[in-house]
2 protein chains.
Amino acid sequence: MTPEPVQPALADAPAAAPAKNILDLNAFDPARAAGLEPAAAALVARRRRAFGPTSVLFYEEPVTVVRGEGVFLHGPNGERYLDAYNNVPSVGHCHDHVVAAVSRQLATLNTHTRYLYDNVYEYSERLLATMPAEVANIVFTCTGSESTDLALRIAESASGGTGFVVTEGAYHGNTAAATAISPSSLSDRPKPVHVEAVPAPDVYHRPAADLGARFAAEVTAAIARLEARGVKFAGLVVDGIFSSDGIYAEPAGFLAPAVAAARAAGGLYVADEVQPGFGRTGEAMWGFARHGLVPDLVVMGKPMGNGFPMGGVAARPEWLERFGARNGYFNTFGGNPVAAAAGLAVLDVIEGEALQANALATGRHLLAALRDLSGRDPRIGDVRGAGLYLGVELVADPETRAPDPALATRLINGLRRRGILIGAAGLSGNILKIRPPLCFGAEHADTLVAALGEALAEEG
Amino acid sequence: MTPEPVQPALADAPAAAPAKNILDLNAFDPARAAGLEPAAAALVARRRRAFGPTSVLFYEEPVTVVRGEGVFLHGPNGERYLDAYNNVPSVGHCHDHVVAAVSRQLATLNTHTRYLYDNVYEYSERLLATMPAEVANIVFTCTGSESTDLALRIAESASGGTGFVVTEGAYHGNTAAATAISPSSLSDRPKPVHVEAVPAPDVYHRPAADLGARFAAEVTAAIARLEARGVKFAGLVVDGIFSSDGIYAEPAGFLAPAVAAARAAGGLYVADEVQPGFGRTGEAMWGFARHGLVPDLVVMGKPMGNGFPMGGVAARPEWLERFGARNGYFNTFGGNPVAAAAGLAVLDVIEGEALQANALATGRHLLAALRDLSGRDPRIGDVRGAGLYLGVELVADPETRAPDPALATRLINGLRRRGILIGAAGLSGNILKIRPPLCFGAEHADTLVAALGEALAEEG
């Protein structure tokens, strides 16, 4: 296939505002602490003393939580929040089956993988069975960040290169190595010499006749920029739903030409499944599967244990073998029997409660309702996503499609006042990010859309 | 203070064998899989299929475990192992109080620190109260590796440098950045340009009139080597009991001149407390406290949650503030309410069961018994350590003090056959590493020493 030439941005689009650090989105402003009610102010003060000035809280008025159940979080004074934000408690807050399995295992055995115990192999087998046969091995870690960090090292040894291509708004984790390939974390600092970024696969601001071909051409150009400065290409690292870029899911399959281009250039395809994985997109268990792809390495984290800290890298055996020939890797907590119990219980619930099918059905219902709202309100420029990972892009002008991050912030806080939790995404922070627990039902979707309509109406 | 000149090694000491990768110590040889009993062989085969060839098991004959309680691990056929190896379940395997606290919290609320909830502030306050007043802030992570990785980034921003000094046998974690400062993980690969290593503070092989002065002089020389190649010094990173180097604890206080030298050169003192922390040395809650030091950054992990995956970096506020001015940091699972519950319960047990005092008392009893054994057996060249972290150095010749790693391996396996679990440490792998749960009593120590005597006798 001949890659389509890179298309220019819309001629009349305004110059992009400086990219926001992903941590600044929907952040509480400590200067407002004095205005909080006393109990919250006291917690904020204790937090400030213990955590220092850099730890980030959400919302103009932070949310205090004391209990979680299903799709709800509860506050200390009877407040109830519909959770349309948290993708970690993916099968539902404090799900009985997961809590019971983890509690039972905690009381029985918790050790490390240098001894033999069977539940971690059972879990590995069940998890790998959800992936293509070529992805036959797994290394357990504790977090998505550790998984990304390890995947980069494996990709380096597999390719003999050190250069990575990511998207301009990517976030892949918080270790030094993961931060280096996360432009959304770099703020005003330049990207390291071994990293090149491509624009998100965005057809709202940059229409494309063939998105797949354009994205592939941009990846190819980025690889060429790396090689031109003497950096050998190691891999393309992409989140299968481009979460922090602003949620770009359609059309399924568009990612395939870019992956082919990366492989043709000698690099690996590292699928970051921390966000789209474990059934969230509704259409597949994994984000890469929606695109018809077989990854070299799969990075997993957040929803894997429904909140129990665990992560993993699934790998084609040849890459792991090459890495292992010159490197050791041991993760003390990774793959411990409690993590395995949590992971098994999460798979039980995803299957037993048909949560992938629910994500598909509720996601379609929610997408349609949001598009209906969008048709009646020009401030909603675009509604997109897959399953229960949706983005609602807010614009100051439907013609120029200029981002309106201030409106996004006001709506997020307006929804919070109405007892609904969502977040923001995108380089400008103007995209509402909706990714609830996968047990979110149509009734919850309707509540969310009605409240968003009210919050928009409140804006005038 | 004028640093004492660096002393040469003992003139008649043999050339050191090539350093072993820390992961090769006491490793199972997969070629022996065919000789295992069928149930273990089946687990090894499943493990090999899922994990690939690089994951390391312990022992000539791997240990299968199904249950843990206090200082014991239990196998599937009634085997009982006295655990003198595992420092993660530091207050005892499956301790009731920790299991109950974690289970209760799992069923109530598990979310992240961008919302307000109080137990994480309570935990922060209690944990920081065990440290010097200057170390007043904390950032939570999920593992010791994530903590090291973050500490390196904070030290870089605080110092404006990138160079680190560590010990030759150091292990500080498994991320890319932590591996770079872990010579024990590098195998045959050269150290990165930003890393210099100094010999362990070893007076057994290299007697010193003033160990503190010599160690400081070696750190100063290492800093000079960094600066000579244009790398600005950022910090000295040391494990307060030099675990993977071979366990060097005495005399308490010897570390102080090196820390002063590091600070004089503009670097930070990063105290890796993953191993000595939480009371293990008996003499103090923290390894740095034994040396009378106030760290800039404290790296915590393994025993913090008795097996619940959690870690943290305690910091002087000024360094965290400087880091935060240009960097964000958020850790999804770090500081979640379940981790806080685990951490609080661990502190409860350390205090309620006086485990630090027990580590001191049992440690002294065990040290004396091991020294008694050593006096009767010239193959034991040295016995050392603090509290319940002891090293037993095995030598082929008491005069040359030549390491005998083969004997160490045979003894570790001989103890395993006798139902006792220990490990190995040191660049040559000839040092028995003893670091049981802190509820280890004198009777357990006696069992261990008697079995070690038998295993030595078996050797002839």
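What you are looking at is a predicted structure, and each value in this text was computed from that prediction instead of being measured.

**Re the packing of helix α3 (residues 119–128) of chain A against helix α1 (residues 38–51) of chain B**
- For the pair α3(A) and α1(B), the least separation of the axes is 10 Å and the interaxial angle reads 35 degrees. Read as a crossing pair, α3(A) and α1(B) show a hand that is left-handed. The residues of α1(B) that touch α3(A), namely those facing Tyr121(A), Ser124(A), Glu125(A) and Leu128(A), are Leu43(B), Arg46(B), Arg47(B) and Ala50(B).

**Remarks on the sheet that holds strand β3 (residues 80–83) of chain A**
Residues and elements named next belong to chain A.
- With respect to topology, four strands assemble into an open sheet ordered β1-β2-β3-β14, the strand pairing being mixed. Two strands lie at the open edges of the sheet, namely β1 (67–69) and β14 (420–421), each paired on one side alone.
- Sheet topology note: the β1/strand β2 (residues 72–74) ladder contains three bridges and is antiparallel. Within the sheet, the bridge partner assigned to glycine 68 lies in β2 and is leucine 73.

**What to know about the interface of chain B and chain A**
- Of the residues lining the interface, 79 residues belong to chain B; the matching set on chain A comes to 78 residues.
- Secondary structure elements with two or more residues in the side of chain B that touches chain A: α1, β1 (67–69), α2 (96–106), α3 (119–128), β4 (137–141), α4 (144–159), α5 (176–180) and α9 (317–326) of chain B.
- Split into classes, the residues belonging to the side of chain B that touches chain A amount to 40 nonpolar, 26 polar and 13 charged.

**Remarks on the pairing of strand β12 (residues 389–397) of chain A**
Residue and element names in this part refer to chain A.
- Of all nine residues in β12, seven are buried, a share of seventy percent or more.
- Pairing of strand β11 (residues 380–386) with β12 involves six bridges; the strand directions are antiparallel. Among the inter-strand pairings, aspartate 382 is bridged to a residue of β12, identified as glutamate 393.
- Where β12 and strand β13 (residues 402–403) come together, two bridges link them in antiparallel fashion. From the neighbouring strand, valine 395 faces β13, where its bridge partner is proline 403.
- The antiparallel hairpin formed by β12 and β13 contains four residues in its connecting segment, where arginine 401 sits at a positive phi of about 60 degrees.

**Notes on the domain arrangement of chain A**
Residue and element names in this part refer to chain A.
- Partitioning chain A into domains gives domain 1 (96–352) and domain 2 (356–391 + 414–460).
- Between the C-alpha centres of domain 1 and domain 2 the distance comes to 26 Å.
- Its residues placed into classes, the side of domain 1 that touches domain 2 shows seven nonpolar, eight polar and six charged.

**Digging into the relation of the copies chain B and chain A**
- Mapping chain B onto chain A calls for a screw motion: a turn of 180 degrees about the axis and a shift of 0.0 Å along it, with 0.0 Å RMSD after fitting. Both copies are brought into coincidence by an operation consistent with a two-fold rotation axis. Taking the C-alpha atom as reference, chain B places Ser103(B) closest to the rotation axis, 2.6 Å from it.
- In this assembly, 99% of the residues forming the interface of chain B have copies in chain A that are likewise at the interface, indicating an isologous arrangement.

**What about the packing of helix α11 (residues 355–376) of chain B against helix α13 (residues 442–458) of chain B?**
Residue and element names in this part refer to chain B.
- Relative to each other, α11 and α13 sit at 20 degrees, their axes nearing to 9 Å. Judged by the angle between their axes, α11 and α13 are roughly parallel. Note that α11 runs across α13; the crossing there is right-handed. Across the interface between the two elements, Thr362, His365, Leu366, Ala369, Leu370 and Leu373 from α11 touch Ala442, Ala445, Asp446, Val449, Leu452 and Gly453 from α13.

Rules used in this analysis
Residues numbered from 1 in each chain as written. Chains lettered and ligands numbered in written order. Predicted model: local features only at pLDDT ≥ 70, side-chain atom pairs only at ≥ 80, totals over all residues. Axes fitted to C-alpha atoms, helices over the stretch in contact; angles between N-to-C directions. Helix = DSSP H or I, 4+ residues; strand = E, 2+ residues; numbered from the N terminus. Left-handed = near helix turned anticlockwise from the far one by under 90°. Contact = placed C-beta atoms within 7 Å. Pairing = 2+ DSSP bridges. Nonpolar A, V, L, I, M, F, W, Y, C, P; charged D, E, K, R; others polar. Buried ≥ 20, exposed ≤ 12 C-beta atoms within 10 Å, placed from the backbone. Domains from an automatic or database assignment. Least-squares fit on C-alpha atoms with pLDDT ≥ 70 in both. Parallel < 35°, antiparallel > 145°, perpendicular 65-115°, else oblique.

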